[in-house]
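# Chain and residue survey
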Amino acid sequence: MSEVKIAAETRTEFGKGAARRIRREAKVPAVVYGHGGEPVHITLPGHELQLALRTPNVLLTLDIEGKTQLAIPKAVQRDAIKGFLEHVDLLLVKSGEKVNVEVYVHTEGDLAPGSFLLEHVLSTLTVEAEATHIPESVTVSIEGLEAGAAILAKDIPLPEGTTLAIDEDAVVLQVLAAQSEEPADDSAAESTEA
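What comes next concerns the included structure.

## What to know about the pattern of salt bridges
- Applying the stated criterion to the full structure yields 2 salt bridges.
- With its nearest N and O atoms 3.2 Å apart, the salt bridge here joins glutamate 9 to lysine 27. Taken together, the residues span a long stretch of sequence, with glutamate 9 in strand S1 (residues 3-10) and lysine 27 in strand S2 (residues 27-34) at a distance of 18 residues.
- For lysine 27, a relative accessible area of 23% translates into the label partly exposed.
- Aspartate 169 serves as the salt-bridge partner of lysine 154, at 3.1 Å between the closest nitrogen and oxygen. Pair noted here: lysine 154 is in the loop between strand S11 (150-152) and strand S12 (163-164) and aspartate 169 is in the loop between S12 and strand S13 (171-177), with a separation of 15 residues, a long-range link.
- We classify lysine 154 as partly exposed; its relative accessible area is 45%.

Okay, structure coming up:
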């Protein structure tokens, strides 16, 4: 689990114009909410936040006017064309608190020899973990699997202290036989010509 410390400033201006001014200053408008308190509107340094968000489920230590708070990204809005950050929603967490997050499912190993395809039914797995110990991803072996094999959520090994937050019988990965086109039937073509 990666933890990044970022200095934040509270903001009092809202709306499109204010957000554009913030972005021109290489900063990102954000909202911090959770624990039953009022949402706090803040501004974060754009470059530092961009680097932090490269790590899935990063734990941010926010320094808001001298007060330190832990938060995880809940929603990230990016410009569709240029990819820069437009707005971030952050969820306040406490050490020891359990949170639901999505972690990426990575595979290792090779399928059995033959024409098989691996279908990722779910590319992420929703799990419940302690806020300060959120796994970045989970890894499952697909070594030697053949067509018809499926890996269910309950089959994926989870780090200690992490539990599934979805149906344990949900299909995450399945192996399919590759479909091949059959050659055209030449005898049918000849009978229509005669």
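## Brief notes about the pairing of strand S10 (residues 137-141)
- Residues Val138 and Val140 line the buried face of S10, whereas the alternating positions Ser137, Thr139 and Ser141 sit on a face that is not buried.
- Of the strand pairs in this sheet, strand S7 (residues 98-108) and S10 are connected by 5 bridges, and their pairing is parallel. Opposite histidine 106, over in S10, you have threonine 139 as the bridge partner.

## Some details on the sheet that holds strand S5 (residues 67-78)
- An order of S1-S3-S2-S6-S5-S4 is seen for the 6 strands of this closed barrel, with the pairing classed as mixed. Across the sheet, the mean angle from the axis of one strand to that of its neighbour is 45°, orientation sign disregarded.
- With 2 bridges joining them, S1 and strand S3 (residues 37-45) adopt antiparallel strand pairing. Residue pairing for S3: threonine 10 is matched across the bridge by isoleucine 42.

## Thoughts on unusual backbone geometry
- If you check the backbone angles, alanine 26 has positive phi at about 65° while not being a glycine.
- Summarising the element assignment, alanine 26 is placed in the loop between helix H1 (16-24) and S2.

Criteria and cut-off values
- Position numbers for residues start from 1 in each chain and track the written sequence from start to end.
- Thresholds applied to this predicted model are a pLDDT of at least 70 for local features of residues and 80 or more for the giving and counting of side-chain atom pairs; totals over whole chains, interfaces and linings are not thresholded and use all residues.
- Only heavy atoms go into the side-chain values, all of them from the structure, while hydrogens and water stay out.
- Only one rule defines a salt bridge in this text: a Lys or Arg side-chain nitrogen within 4 Å of an Asp or Glu carboxyl oxygen.
- Secondary structure follows DSSP: runs of H or I at least 4 residues long count as helices, runs of E at least 2 residues long count as strands, and numbering of each begins at the N terminus.
- In this scheme, a residue with accessible area under 20% of its type's maximum is buried, one over 50% is exposed, and one in between is partly exposed, where area comes from a 1.4 Å probe on protein chains only.
- Strand pairing requires that DSSP identify at least two bridges connecting the strands.
- To define axes, lines are fitted to C-alpha atoms, for helices over the stretch in contact only, and angles between the resulting N-to-C directions are given on a 0 to 180 degree scale.

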